[in-house]
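Reading the structure
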Amino acid sequence: EAGQGNISVRRLADVAQALETTPGALLSSTDVPSPPVIALLGLRGAGKTTIGRKLAKRRRVPFVELDKKIEQAADLSLGELFTLHGEDYYRRLEREVLQDVLSEGRPMILATGGGLVASPDTFAMLRRSATTVWLRASPEDHWNRVVRQGDRRPMADHPQAMADLRSLLATREPLYALADHTVDTSSVSANDVIEVLDRQLT
């Protein structure tokens, strides 16, 4: 009434001017936090696709498979990409595609490739930008799930495949364990895993 206005509003306007923005933008940026990216980690057969789709539906956000994005970027299947260009090229492309996906700034459930954790820079970037979840499973569960999907390549002409799988899992477990959350998917239904994740991620 005295014509001086609300001092708190005036100070907000001063702060906004100093930051070269508007009071409205300042309020929206502080009052509405960006929904997180939830990234699922684990070897093939951990359940990243099954759990990821269900979790995305529950949270009403997109489900994104990083390997699918890599295939689109390369215009090649993963098998062709590895055969033609090798793993080093794949890892470089993986990092570039991940950076592009994260730069979208939108909420999503992101299923990563099983070997992403073995690339220190790429894994560090993911951990800075997303909430990471390791879907832990036993070697037998990894094996059986892949075979149930109709893929018998793990055992074809490779009698040491299970031993190799155990060795790979043992090597990567300390890296997967750096995730923000860990959920054991062995002998647990997908719906039960979703319930556990919902509690951990709230």
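Just above sits the structure.
The structure displayed is predicted, hence computed values, not measured ones.

1. Thoughts on the nonpolar core
- Counting 29 residues, the largest nonpolar core has L41, L66, I70, L81, L98, L110 and L126 as its most contacted members.
- Looking at this core, the elements with two or more residues in it are β1 (37–41), α4 (66–74), α5 (78–103), β3 (108–111), α6 (120–129) and α8 (161–176).
- A per-element tally of this core places α5 first, with seven residues.
- Apart from the residues within four sequence positions on either side, L66 is in contact with E94, V97, L98, V101, L110, A111, T112 and L116.
- Ranked by size, the runner-up nonpolar core spans 14 residues in total, among them I38, L40, I51 and V193.

2. Here's the deal with the packing of aromatic side chains
- Scanning the entire structure with this criterion turns up two aromatic pairs.
- Considering the side-chain rings of W134 and Y176, the 5.7 Å spacing of their centres and the 25° angle between planes classify their relative orientation as stacked. Of this pair, W134 sits in strand β4 (residues 131–136) while Y176 is found in helix α8, placing the two residues 42 residues apart along the sequence. Each member of the pair W134 and Y176 is classed as buried.
- Seen from the ring of F123, R127 lies directly overhead, with NZ or CZ sitting 5.6 Å from the centre.

3. Quick look at α5
- The end-to-end C-alpha separation of α5 is 23 Å, well short of the 38 Å expected for 26 residues at 1.5 Å each.
- The largest bend in α5 is about 115°, located at H85.
- Along α5, the positions that sit buried rather than exposed are L81, Y90, R91, L93, E94, V97, L98, V101 and L102.
- Of the surrounding secondary structure, the elements contacted by the buried residues of α5 are β1, α4, β3 and α6.
- Downstream of α5 by one or two residues, G105 has phi in the positive range, about 65°.

4. Quick look at α6
- Looking only at α6, the buried set comprises T122, F123, M125 and L126. Buried residues of α6, viewed axially, fall in a sector of 160°; they line one side. Exposed residues pointing more than 90 degrees away from the buried face of α6 are listed as P120, D121 and R128.
- Looking at the buried side of α6, the elements it contacts are β1, α5, β3, β4 and α8.

5. Regarding the pattern of salt bridges
- Per the counting criterion, the structure on display carries seven salt bridges.
- Between R58 and E195 there is a salt bridge whose closest N-O contact spans 2.8 Å. Of the two residues, R58 is situated in helix α3 (residues 48–59) and E195 in helix α9 (residues 190–201); the sequence distance between them amounts to 137 residues.
- Taking the shortest distance from any N to any O, the salt bridge between R136 and D184 comes out at 3.9 Å. Of this pair, R136 sits in strand β4 while D184 sits in strand β5 (residues 181–184), and the two are 48 residues apart along the sequence.
- Looking at R136, the relative accessible area reads 33%, which means it is partly exposed.
- Judged by its relative accessible area of 37%, D184 is partly exposed.

6. Some points on unusual backbone geometry
- Of note in the backbone geometry, R60 takes a positive phi value of approximately 60° without being a glycine.
- Within the element layout of this structure, R60 appears in the loop between α3 and β2 (63–65).
- You can call R60 exposed: its relative accessible area is 80%.
- With a phi close to 55°, D75 is a non-glycine residue in the positive phi region.

Basis of the calculations
Residues numbered from 1 in each chain as written. Predicted model: local features only at pLDDT ≥ 70, side-chain atom pairs only at ≥ 80, totals over all residues. Heavy atoms only, no water. Core = buried A, V, L, I, M, F, W, Y, C linked by side-chain atoms within 4.5 Å. Buried < 20%, exposed > 50% of the residue type's maximum accessible area, 1.4 Å probe, protein only. Helix = DSSP H or I, 4+ residues; strand = E, 2+ residues; numbered from the N terminus. Contact = heavy atoms within 4.5 Å. Phe/Tyr/Trp six-rings, centres within 6.5 Å; stacked < 30°, edge-to-face > 60°. Lys NZ or Arg CZ within 6 Å of the ring centre and 35° of its normal. Expected span 1.5 Å × (residues − 1). Bend = angle between axes of the 7 residues up to and from the residue. Arc of directions from axis to C-beta. Salt bridge = Lys/Arg side-chain N within 4 Å of Asp/Glu carboxyl O.

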